Amino acid sequence: MKNVRLSQAETEANKLAKALHGGEVLALIGDLGSGKTTFTKALGKALGVRSTITSPTFVMMQQYQTTTKNKEDKPLWLYHLDLYRTNNFSEVKSLGVEQYWGHPETITVIEWADKILDQLPKEALLFKFTRDAK
Ligand SMILES: Nc1ncnc2c1ncn2[C@@H]1O[C@H](COP(=O)(O)OP(=O)(O)O)[C@@H](O)[C@H]1O
Ligand SMILES: [Mg+2]
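Residues numbered from 1 in each chain as written. Chains lettered and ligands numbered in written order. Predicted model: local features only at pLDDT ≥ 70, side-chain atom pairs only at ≥ 80, totals over all residues. Heavy atoms only, no water.

## What about unusual backbone geometry?
Thought 1: At Asp-73, a position not held by glycine, the phi torsion is positive, near 65°.
Thought 2: Inspection of the secondary structure puts Asp-73 in the loop between strand S3 (61–69) and strand S4 (75–82).
Thought 3: Although it is not a glycine, Trp-112 sits at a positive phi angle of roughly 60°.
Thought 4: Assignment of secondary structure puts Trp-112 in the loop between strand S5 (106–111) and strand S6 (125–130). (Helix = DSSP H or I, 4+ residues; strand = E, 2+ residues; numbered from the N terminus.)

## Concerning the packing of aromatic side chains
Thought 1: This model, assessed by the stated rule, comprises five aromatic pairs.
Thought 2: On the basis of an interplanar angle of 40° and a centroid distance of 5.5 Å, the ring pair of Phe-39 and Phe-127 is categorised as tilted. Placement of the pair is Phe-39 in helix H2 (residues 36–47) and Phe-127 in strand S6, with a sequence separation of 88 residues.
Thought 3: For Phe-39, a relative accessible area of 0% gives the class buried.
Thought 4: On the accessibility criterion, Phe-127 (6% relative accessible area) is buried.
Thought 5: Here the aromatic rings of Phe-39 and Phe-129 are separated by 5.3 Å at their centres, their planes lie at 70°, and the arrangement is edge-to-face. Residue Phe-39 is found in helix H2, and its partner Phe-129 is found in strand S6; the two are separated by 90 residues along the sequence. (Phe/Tyr/Trp six-rings, centres within 6.5 Å; stacked < 30°, edge-to-face > 60°. Buried < 20%, exposed > 50% of the residue type's maximum accessible area, 1.4 Å probe, protein only.)

The following block contains the structure:
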């Protein structure tokens, strides 16, 4: 688990983007306003997502094509999940997450991943976000 302060969220995303190859699952944990979406937006920008990454409010998941290629020279897709409004894994499963997470052409980012901690793939990378001390 990596601890990330809100003020470092963008820097961390930029650093991480360079190390991603495809198939990674990033599990983001932390209170409202702690920087999870900020991190995801910066990651998308660094990977070359051209559309605007929004906070998925009524949609639990959004996918974006990036301009980054994986080892097989295929474009990576960024899958952004926000589990704020769900409490049950069967709902998450119905999005087909298990078919794409870990897939070599995807990077999966999950906000509020603590809600499905026991169901996450074991290779998931955990990031714990905290607001900076006042
Ligand atoms: N470096 C920073 N310092 C202070 N506030 C920031 C910084 N980066 C982003 N913010 C603000 O902090 C809030 C973080 O919210 P967000 O990333 O949506 O959190 P979460 O997705 O964890 O609920 C946003 O209002 C954003 O504008
Ligand atoms: Mg958010």
